[in-house]
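Given next are the chains, with one letter for each unit.
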Amino acid sequence: MCTVAQLTDIMKLARSLVLVLLCLLAGLTASAASDFPQALSGLAEKSFKKRLGAINAVAVSGHERAQTVLEALAQRRLFVANPGKRLVIKTEAGGYQMAVTGEPAGEIAKPALKRVKTNNRLRKVIRNALGTLTLRSPDPARRLAAAQTIFASRDASALPILEVALAAETDIQVRTVMERARAASTLMGSAGEADKLEAISTIRQMGNQDAIALLSAFGDRAKGAEKAAASQAIAEIERTLALWSGAQNVIYGLSLGSVLLLAAIGLAITFGVMGVINMAHGEMVMLGAYVTFAVQEVLRTSFPGLFDWSLLFAIPLAFLVSGCVGVALERGVIRFLYGRPLETLLATWGVSLILQQAVRTIFGPNNREVGNPSWMSGSFELGQLALTWNRLYIILFALLIFAGLYAAMRWTSFGLQMRSVVQNRQMAGAMGIRTKWIDALTFGLGSGIAGIAGVAISQIDNVSPNLGQSYIIDSFMVVVFGGVGNLWGTLVGAMTLGVANKFLEPYAGAVLAKIFVLVFIILFIQKRPRGLFALKGRGIEA
């Protein structure tokens, strides 16, 4: 334990350290104030080299007049007044003020004035100096922007200012960018090998395309260990970026897969229960998108404050509209054509054309704008991944719809009857299940879910009468690949095809990628005619 005498000595030492720090701070402040006039005097020198050093000295001084003087020099409003070589600034009113204090300089005859000249090199240094002056701003956002400006310019003359700013910086994010800016300036300057190797290590940690561009520019003129270090850093960054690119393709693929899942999950039900090839399924998606447009138009004109809640109104309405159209289609057309798949295909294709023309008549042939609510707008970055809020919400929404439909089919009486009809229609009818009404309600459920899919798709795609045609073929591919009537198969099939498309597109293009996927599905069906997850039952096995 410490004695009283030892505690007293420690307290005296602490007070001494505090006094020393206070003196150092006061000395630094006084030094900055006294250095500013001396730095200004360098601007009056005839040598451009001395003026270059004076510009950096003015910026480093941190004086409140530094920015005003440098802006005047850049705008050719800085003059040397004789006698005395006083630096004065010409004001907008036509008068003159002292550069060092800002006080009026009085009447000065034009013959006594000599403009401080600049050249291209000096103008570049002035621009960088003005940008770096904000490194000492009390606003972290301005300091961050200034550090980013220096990084982009890669000007070695900014190193002294960066060193001063780094010594005082406390914000971690701003400090990181400043260190990168210092490293960029070091690589482009005449620093020693050890400093440049350290700078390469700092730039390598960025791990993006900007780092590769900077290291490539440095490596083109570097030699020996510096060139080898730059090449190694570029190779490491490229490997890291390749991994991030793969992750980005997975995210894009899941986003596309969620859209395919929404469009195909309703078709999986109708096609699985009744075996009906419904070519009008895409038009159910289109109806849901137009319901969203109509809801937003009403809210825009009558209740603008509720616009952010438009999707909450559109989802149940789209389900009801598309579901009712689906029931009407099944009761009015399809029920007369069971057992005749070719005629069913042609009939539903004709219905799809009728629905498209009806929408053109009501809403017109042009694309319609459907806005994103504020909570679905914008994007964010996660590492090197670029994610948009609307795509992320659609992925979550698709999974939520899947979970709700799965629960309804597994734990409700309607779901039990639907599954019994899928597995053995004749036995289900013998047990008293009204298979015709199950067909109608199932068709309505599948069409209603397609309408909900239209609500989601309207947030990322153009709403037009041809919207459904873009998804009908992909929906059938998902259903056949995953297994007819199997929800888990639809989920896995949609996500698999979505990711496969996004990995193929950079190499083959969007059209060829779809062709390759289609060829793959055809070959796959030759080996597994019932898809990935085939339903089981006596009726199916027969």
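(A) Summary view of helix α3 (residues 66-74). Residues of α3 that are buried: Ala66, Val69, Leu70, Ala72 and Leu73. On an axial view of α3, the arc spanned by its buried residues comes to 160°, and they lie on one face. At the exit of α3 stands Arg76, carrying a positive phi of roughly 60°.

(B) Molecular detail of the environment of Leu512. With respect to the helices and strands, the residue Leu512 is situated in helix α19 (residues 487-527). Along the primary structure Leu512 and Asn501 are separated by eleven residues, whereas in three dimensions their C-alpha atoms are 9.6 Å apart.

(C) Seen up close, the pairing of strand β2 (residues 86-90). In this structure, strand β1 (residues 78-81) lies alongside β2, joined through four bridges in antiparallel fashion. Within β2, the position partnered with Val80 by the bridge is Leu87. With antiparallel pairing between neighbouring strands as the criterion, β1 and β2 make up a hairpin whose turn holds four residues, including Gly84 at a positive phi of roughly 100°. Of the strand pairs in this sheet, β2 and strand β3 (residues 96-98) are connected by three bridges, and their pairing is antiparallel. Note on β3: the bridge partner recorded for Ile89 is Gln97.

(D) Quick look at the domain arrangement of the chain. You can read the domains of the chain as domain 1 (3-121), domain 2 (134-222) and domain 3 (249-490). Facing the five residues of domain 1 at the interface are five residues of domain 2. Across the domain 1 to domain 2 interface the summed buried area is about 420 Å²; carbon plus sulfur atoms make up 62%. The tally of links between domain 1 and domain 2 comes to zero salt bridges. Here domain 1 and domain 2 share zero residue pairs in polar contact (both at pLDDT 80 or more) between them. Across the side of domain 1 that touches domain 2, the residue classes tally to two nonpolar, three polar and no charged.

(E) Summary view of a positive patch on the surface. A grouping of Arg76, Lys90, Lys110, Arg115, Arg123, Lys124 and Arg127 is seen on the molecular surface, where their side chains present a positively charged patch. With three residues, the single largest contributor to the positive patch is helix α4 (residues 120-133). Following the sequence through the fold, Arg127 ends up in helix α4. You can call Arg127 exposed: its relative accessible area is 55%.

(F) Molecular detail of the side chain of Asn390. Position of Asn390 relative to the elements: it lies in helix α14 (residues 389-411). Among residues more than four places away in sequence, those in contact with Asn390 are Asn372, Met376, Gln459 and Ile460.

(G) Representation of the pattern of salt bridges in the model. All chains considered together, the criterion is met by eight salt bridges. Between Arg182 and Glu163 there is a salt bridge, with its nearest N and O atoms 3.4 Å apart. Of this pair, Arg182 sits in helix α7 (residues 172-188) while Glu163 sits in helix α6 (residues 159-168), placing them 19 residues apart in sequence. Judged by relative accessible area, which is 25%, Arg182 ranks as partly exposed. Relative accessible area serves as the criterion here: at 38%, Glu163 is assigned to the partly exposed category. Residues Glu297 and Arg300 are paired through a salt bridge, measuring 3.0 Å at the closest nitrogen-oxygen approach.

(H) Layout of the sheet that holds β3. The sheet built from four strands is open, its strands ordered β3-β2-β1-β4 with antiparallel pairing. The sheet is open, and its two edges are formed by β3 and β4 (113-115), each paired on a single side. Sheet twist, expressed as the average angle between the axes of neighbouring strands with direction ignored, equals 40°.

(I) Up close: the packing of helix α15 (residues 413-423) against helix α17 (residues 435-457). Between α15 and α17, whose axes approach to 10 Å, the crossing angle comes to 110°. Taken as axis vectors, α15 and α17 run roughly perpendicular relative to one another. Mapping the contact onto sequence places Phe414, Gln417, Met418 and Val421 in α15 and Thr435, Ile438, Asp439, Leu441, Thr442 and Leu445 in α17.

Here is what the cut-offs are and how they apply
Residues numbered from 1 in each chain as written. Predicted model: local features only at pLDDT ≥ 70, side-chain atom pairs only at ≥ 80, totals over all residues. Heavy atoms only, no water. Buried < 20%, exposed > 50% of the residue type's maximum accessible area, 1.4 Å probe, protein only. Helix = DSSP H or I, 4+ residues; strand = E, 2+ residues; numbered from the N terminus. Arc of directions from axis to C-beta. Pairing = 2+ DSSP bridges. Domains from an automatic or database assignment. Contact = heavy atoms within 4.5 Å. Buried area = accessible area lost by both parts, 1.4 Å probe. Salt bridge = Lys/Arg side-chain N within 4 Å of Asp/Glu carboxyl O. Polar contact = N/O pair within 3.5 Å; in protein donor to acceptor, adjacent residues only side chain to side chain. Nonpolar A, V, L, I, M, F, W, Y, C, P; charged D, E, K, R; others polar. Patch = residues over 30% accessible without salt bridge, like charges linked within 9 Å, V, L, I, M, F, W, Y side chains within 5 Å. Areas by Shrake-Rupley, 256 points an atom, 1.4 Å probe, with all protein chains shown as cover. Lys, Arg positive; Asp, Glu negative; His and termini not counted. Charge placed at Lys NZ, Arg CZ, Asp CG, Glu CD. Axes fitted to C-alpha atoms, helices over the stretch in contact; angles between N-to-C directions. Parallel < 35°, antiparallel > 145°, perpendicular 65-115°, else oblique.

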